[in-house]
Amino acid sequence: MAAGAVGPRGLLALLLLLGGLAAGGAGTSPDIRTHVNGVSGKLILSCNMTEPYPGITGHEWMHGDKILQTDEEPSVFTSYTIEGKMEEHSGIYECVYKTSPMMKAQVNISVAPQVMAYKKSEHGNEGDTGVLTCKNPSFPPVSSWLWYKNGQEPIINGSGRYIIKSSGNKTELRILKLNIEEDTGDYHCNATNSHGFGGATVNLRVRSRLAALWPFLGIVAEVLILVTIIFIYEKRRKPDEVLDDDDGGSAPLKSNATNHKDKNVRQRNAN
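A brief structural summary. What you see is a predicted model, and the numbers here were worked out from it, not measured in a lab.

1. Here we look at the overall build of the protein
The number of helices and strands found in the protein is three helices and 15 strands. Per-residue burial for the protein yields a buried fraction of 25% across its 271 residues. For the protein, contacts bridging at least 24 residues in sequence account for 58% of all contacts bridging at least 6. Of the roughly 18,700 Å² that the protein leaves accessible, carbon and sulfur atoms contribute 57%.

Take a look at the structure:
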């Protein structure tokens, strides 16, 4: 065999080596480092590749399915600015590099739970079921919920007349057969996630079942008072009218008696 010639086995080994290098080179891609920075009431989200990468034709920033920003810059660095506080814009954002294949990285704005009461004041009728609701619109999701009444011990699901239903960023407290004396007051919903905790307060007012009839009863009372006043007025007015009628009937009799007296006087004078 001539010097420098490669045998079948050597050729196969060389092909395997070159194939492995090619596969390794094609499978590697630069890492994308992400960062969130708050400056002067603004949030700056940024992505930066750890090494140069050819074929970048632009970038996109996305929040869910919504495209927030797009450009055609070939840079390995891209950023997106949000006006406001972290608590107002928490969530999952993505920076997308327009390459082939496409590359992207996730940028999270994470905060403690920003708990909100569905209604700060709830009303219920005695004997009905009261429903109090709290929600957390921020990211990350809530890992645990707790309900308290007037700063007392936590309410246990299924204890007494209480039923608690919690799922991710929402919780609901149901109170069966509302009682005016026992259930009226402030209820606190507290949430916890990996970045801290937060809470809100709901005031519950329990009304008597007769509360809906009070306006109607008030109208009825006003009508009865008015009828009573009219009746008393008419009752007092009638005797005065009777007396006036009697005086009118006796006046002619007095006039006739006077005429007869004058006639008798004239007759005596004539005699």
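Additional details are given in the paragraphs that follow.
2. Here's the deal with the state of the cysteines
A full pass over the atoms with the stated rule returns two disulfides. Here C47 pairs with C95 through a disulfide, and the sulfurs are 2.0 Å apart. Sign of the S-S torsion, about -95° for the bond between C47 and C95, identifies this disulfide as left-handed. Of this pair, C47 sits in strand β2 (residues 42-49) while C95 sits in strand β6 (residues 91-97), placing them 48 residues apart in sequence. What makes C95 buried here is its relative accessible area of 0%. The disulfide partner of C134 is C189, and the S-S distance across this bridge is 1.9 Å. Its S-S torsion of approximately -80° makes the covalent link between C134 and C189 left-handed. Taken together, the residues span a long stretch of sequence, with C134 in strand β10 (residues 130-135) and C189 in strand β14 (residues 185-193) at a distance of 55 residues. What links to what in the protein: the bonded cysteines, counted in sequence order, pair as 1-2, 3-4.

3. Here we look at a nonpolar patch on the surface
A cluster of nonpolar side chains, F216, L217, V220 and L224, forms an exposed patch at the surface whose accessible area comes to about 390 Å². Structurally, L224 can be placed in helix α3 (residues 214-270).

Analysis parameters
Residues numbered from 1 in each chain as written. Predicted model: local features only at pLDDT ≥ 70, side-chain atom pairs only at ≥ 80, totals over all residues. Heavy atoms only, no water. Helix = DSSP H or I, 4+ residues; strand = E, 2+ residues; numbered from the N terminus. Buried < 20%, exposed > 50% of the residue type's maximum accessible area, 1.4 Å probe, protein only. Contact = heavy atoms within 4.5 Å. Areas by Shrake-Rupley, 256 points an atom, 1.4 Å probe, with all protein chains shown as cover. Disulfide = S-S within 2.5 Å. Patch = residues over 30% accessible without salt bridge, like charges linked within 9 Å, V, L, I, M, F, W, Y side chains within 5 Å. Salt bridge = Lys/Arg side-chain N within 4 Å of Asp/Glu carboxyl O.

Just distances and angles here, no functional claims.
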